[in-house]
Amino acid sequence: MTIEATLAQFIDSHHAEQIEFLRQIVRVPSDTPPGNNNPPAEKAAELLTAKGYNVERFAVPEQRVRDYGMQSITNLIVRQKFGTGTGPTIALNAHGDVVPPGEGWSFDPYGGEVRDGRMYARGVAVSKSDIAGFTFALDALKAAERAGAKLNGNVELHLTYDEEFGGLAGPGYLLEQKATKPDYVIGASFSYTIVTAHNGCLQFEVTVHGTATHGSMPETGHDALQAANAILNAIYGKLPDLAKIKSKVPGINTPTMLVGQIAGGTNTNVVPGKVVMKMDRRLIPEENPAEVEAQVRAMIEGAVAGRTGIRVEIKRILLANALKPLPGNAKLVAALQKHGERIMGEPIPAIGVPLYTDARLYGEAGIPVVLYGAGPRTVPESNAKRADENLLLEDLRKATQVVACAVADLLS
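Residues numbered from 1 in each chain as written. Predicted model: local features only at pLDDT ≥ 70, side-chain atom pairs only at ≥ 80, totals over all residues. Heavy atoms only, no water.

## Things to note about the overall build of the protein chain
Along the protein chain, the regular secondary structure elements total 13 helices and 17 strands. For the protein chain, whose C-alpha radius of gyration is 23 Å, the value lies close to the compact-globule estimate of 22 Å for 412 residues. Considering only C-alpha atoms, the protein chain reaches an extent of 85 × 40 × 40 Å along its principal axes. Counting the 412 residues in the protein chain, one finds 56% classified as buried. Here the analysis covers contacts within the protein chain between residues at least 6 apart in sequence; of these, 81% occur between residues at least 24 apart. Summed over all atoms, the accessible surface of the protein chain reaches about 17200 Å², with 52% contributed by carbon and sulfur. Here the protein chain contributes 41 positively and 45 negatively charged side chains, and the mean placements of these two sets differ by 3 Å. (Helix = DSSP H or I, 4+ residues; strand = E, 2+ residues; numbered from the N terminus. Rg over C-alpha atoms; globule rule 2.2 N^0.38 Å. Buried < 20%, exposed > 50% of the residue type's maximum accessible area, 1.4 Å probe, protein only. Contact = heavy atoms within 4.5 Å. Areas by Shrake-Rupley, 256 points an atom, 1.4 Å probe, with all protein chains shown as cover. Lys, Arg positive; Asp, Glu negative; His and termini not counted. Charge placed at Lys NZ, Arg CZ, Asp CG, Glu CD.)

## With respect to the sheet that holds strand 17 (residues 390-392)
The strand order 4-5-17 describes an open sheet built from three strands, whose pairing is antiparallel. For this open sheet the edge positions go to strand 4 (113-115) and strand 17, each flanked by a neighbour on one side alone. When the angles between neighbouring strand axes are averaged without regard to direction, this sheet yields 25°. When strand 5 (residues 118-120) meets strand 17, the two strands line up antiparallel, connected through three bridges. In the sheet register, Met 119 faces strand 17, and the bridge partner there is Leu 391. In this fold helix 2 (residues 15-26) packs onto strand 4, strand 5 and strand 17, with an angle of close to 15° to the strand it touches most, strand 5. Packing of helix 13 (residues 393-411) onto the sheet brings it into contact with strand 4, strand 5 and strand 17, and relative to strand 17 it is tilted by some 60°. (Pairing = 2+ DSSP bridges. Axes fitted to C-alpha atoms, helices over the stretch in contact; angles between N-to-C directions.)

## With respect to the environment of Ile 343
Turning to its location among the elements, Ile 343 is positioned in helix 10 (residues 329-344). For the pair Ile 343 and Ala 8, spaced 335 residues apart in sequence, the C-alpha separation works out to 9.7 Å. In contact with Ile 343, not counting residues within four places along its chain, are Lys 398, Gln 401 and Val 402.

## Concerning the pairing of strand 7 (residues 184-187)
The alternating pattern of strand 7 places Tyr 184 and Ile 186 on one face and Val 185 and Gly 187 on the opposite face, and all of these are buried. Where strand 3 (residues 89-95) meets strand 7, four bridges bridge the pair, whose relative direction is parallel. Looking at the pairing, Ala 91 lines up with Val 185 of strand 7. The sheet contact formed by strand 7 and strand 16 (residues 369-371) spans three bridges and is parallel.

## Quick look at the nonpolar core
Counting residues in each nonpolar core, the largest one holds 78 residues, and the members touching the most others are Leu 22, Leu 92, Tyr 372 and Val 407. The element that contributes the greatest number of residues to this core is helix 13, accounting for 12 residues. In this structure, Ala 227, Met 277, Val 296 and Met 299 belong to the second largest nonpolar core, which totals 24 residues. (Core = buried A, V, L, I, M, F, W, Y, C linked by side-chain atoms within 4.5 Å.)

## Notes on unusual backbone geometry
Along the chain, Thr 32 connects to Pro 33 via a cis peptide bond; the corresponding omega equals 5°. When you line up the elements, Pro 33 lands in the loop between helix 2 and helix 3 (38-50). With omega at 5°, the peptide bond leading from Pro 33 into Pro 34 counts as cis. Secondary-structure assignment places Pro 34 in the loop between helix 2 and helix 3. Located in the positive-phi region is Lys 178, a residue other than glycine, with phi close to 55°. Overall, the relative accessible area of 72% leaves Lys 178 in the exposed class. One non-glycine residue, Asn 383, adopts positive backbone phi at about 60°. Secondary-structure assignment places Asn 383 in the loop between helix 12 (379-382) and strand 17.

## Section: the pattern of salt bridges
Pairing is possible between side chains of opposite charge, provided their charged atoms come close. Following the criterion strictly, the structure yields 24 salt bridges and no others. Between Lys 51 and Asp 139 there is a salt bridge, with its nearest N and O atoms 2.5 Å apart. Note that Lys 51 is positioned in the loop between helix 3 and strand 1 (55-59) and Asp 139 in helix 5 (residues 128-146), a separation of 88 residues in sequence. Residue classification places Lys 51 among the partly exposed positions, given a relative accessible area of 22%. Judged by its relative accessible area of 9%, Asp 139 is buried. (Salt bridge = Lys/Arg side-chain N within 4 Å of Asp/Glu carboxyl O.)

Laid out in structure tokens, this is it:
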């Protein structure tokens, strides 16, 4: 029996167990915010320990987590040696933190209910499915070695709990602590494409200070909302220019910019003395983050220049650099495409995507990384980050086979 057949046989025969493993993972809330992510990490550790793995815990210091805006973070590493362990080290990274469920669900967002071959739960597609997929791929590789397959190297599971806030306390913390130094990384994604590049992101909190006053005498104050409106006009007036900037990376189009949150004012009959806006500027891989940040700051400051009694504070709250392909990722792409086409029954293109992920942090550390995992062709198909998020369990089964076979190639 070939190693591919051995891996497939193991994964197929343990698929029901994998589904239950995933159900146990999604039943522990990991909403971020608020970001109380020790309990879901402990559930994952419990399940992995029951499988016989040694689970290393990397708890981010409490004060650092709270300063960061979350409540608790523990990241996990499992290390498995194959052969003499002198071959490459391949890390499989998936995040267990998720966005809050929101409203409009037809299912219990923490239930893991299966209907018509799909599991429904918050995080079941992004990316708790890949915790299950990567775990059972590792199980299958161990079974193949027991059956006589000649493998040499190391596989690490990296389960991290800070993707939704940017990853600095997730993969960023593991790399900062020198807890890991893999040769290759496969990060969480979907089954029908391999992601080799993605956008970066700059986020700002813009606070406009004016002077509140009685609504019957607006001339005695300084209206922060009027000033904020000028900033909004500047931001959205810039969109036609951004649309002219095109990325050369397939799958990535243009930079984007938006204001996602606005808060301010004290009452209906009071001139607003303070307005806070949170804005998001996506960067294509070709853009320089420092230059873009300088341009955004100049645009905001210019929009309110000369307004008496108005002061603006601009605080950067996130810089996520773009993921750019590193030369070493060609081996990862080739192995995943070879087995992906065979198992999924169609070509698996390597592309860029307009979102950003914490996988970029491995790339920034010089580690070749691509994204591949369990899920449909597009994010909207899974309802990721919307009500009734779901996963076709057949995609989970097949993607687990693809990952296991690709890793086996790299360890052979």
